[in-house]
Amino acid sequence: MSRVFGMAFSSVYPLYLAKVERKGRSKDDLDAAIRWLTGFDDATLAVHAEGTTTFREFFDAATLNPHVDLVTGVVCGIRVEDIEDPLMYRIRVLDKLVDELAKGRPLAKVLREPQPAAAEG
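The notes below deal with the structure included here. (Residues numbered from 1 in each chain as written. Predicted model: local features only at pLDDT ≥ 70, side-chain atom pairs only at ≥ 80, totals over all residues. Heavy atoms only, no water.)

### Some details on the overall build of the chain
When its secondary structure is counted, the chain shows 7 helices and 2 strands. Over its C-alpha trace the chain gives a radius of gyration of 15 Å, about what one expects of a compact globule, namely 14 Å for 121 residues. Across its three principal axes, the chain shows a C-alpha extent of roughly 55 × 30 × 25 Å. Looking at the chain alone, contacts between residues at least 24 apart form 64% of all its contacts between residues at least 6 apart. Carbon and sulfur atoms make up 53% of the accessible area of the chain, which amounts to about 7,000 Å² in all. Within the chain, one finds 16 positive and 19 negative side-chain charges whose respective centroids are separated by 7 Å. (Helix = DSSP H or I, 4+ residues; strand = E, 2+ residues; numbered from the N terminus. Rg over C-alpha atoms; globule rule 2.2 N^0.38 Å. Contact = heavy atoms within 4.5 Å. Areas by Shrake-Rupley, 256 points an atom, 1.4 Å probe, with all protein chains shown as cover. Lys, Arg positive; Asp, Glu negative; His and termini not counted. Charge placed at Lys NZ, Arg CZ, Asp CG, Glu CD.)

Here it is as structure tokens:
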């Protein structure tokens, strides 16, 4: 695991981008998901995507979205919500968001936006 923690975020970001673009999604969609998870603005995200920041440093600088616990499911055969290591959990949540984008899930659902209440009639 420590090898992953020391990887540069900038070395993985192009892979995330290629994955979502192959499935017809945009860089804007990817960046929106990453901003939702991390609390970064566009400029901060760009610095990390182009720099030497490790995954550990990337997530140390992030302010995790308070609704991150709504991200559940399986990534690489492991249930995200069962991952005990806090940093690996954050990395796998990011992987899950990227997977959901690549599978065509609407951005609002990827970002766990609340569904409007059904109108009573």
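Here the narrative resumes.
### Overview of the packing of aromatic side chains
Aromatic ring pairs are reported here in terms of the distance separating the ring centres and the angle at which the planes meet. In this structure the tally under the stated criterion is 6 aromatic pairs. Where Phe40 meets Phe58, the ring centres are 5.1 Å apart and the plane angle is 70 degrees; that geometry is what we call edge-to-face. Here Phe58 lies in helix α5 (residues 55-61) and Phe40 lies in the loop between α3 (27-38) and α4 (42-50), a separation of 18 residues in the sequence. No difference in accessibility class separates Phe40 from Phe58, as the two residues are buried. (Phe/Tyr/Trp six-rings, centres within 6.5 Å; stacked < 30°, edge-to-face > 60°. Buried < 20%, exposed > 50% of the residue type's maximum accessible area, 1.4 Å probe, protein only.)

### Side note on the side chain of Asn65
If you trace the backbone, Asn65 turns up in the loop between α5 and β1 (74-75). Of the residues examined, Asn65 reaches a relative accessible area of 12% and is grouped as buried. In this structure Asn65 touches Trp36 and Leu37, once residues within four positions along its chain are discounted.

### Side note on the pattern of salt bridges
When their charged atoms lie close together, side chains carrying opposite charge are able to pair. Per the counting criterion, the structure on display carries 8 salt bridges. Among the ionic pairs, Glu81 bridges to Arg79, the shortest N-O distance being 3.0 Å. When its relative accessible area of 34% is taken as the criterion, Glu81 is described as partly exposed. (Salt bridge = Lys/Arg side-chain N within 4 Å of Asp/Glu carboxyl O.)

### Some points on the nonpolar core
One recurring pattern in soluble globular proteins is that nonpolar side chains are buried together. Ranked by internal contacts, the top residues of the largest apolar core, which has 35 residues, are Phe9, Leu30, Phe59 and Leu94. At the level of elements, α2 (9-22), α3, α4, α5 and α6 (86-102) are the ones that each hand at least two residues to this core. Considering each element in turn, this core owes the most residues, 9 residues, to α6. Non-local contacts of Phe9, meaning those with residues more than four positions away in its chain, are made with Tyr16, Ile34, Leu45, His48, Ala49, Thr53, Thr54, Phe55, Phe58 and Leu94. (Core = buried A, V, L, I, M, F, W, Y, C linked by side-chain atoms within 4.5 Å.)

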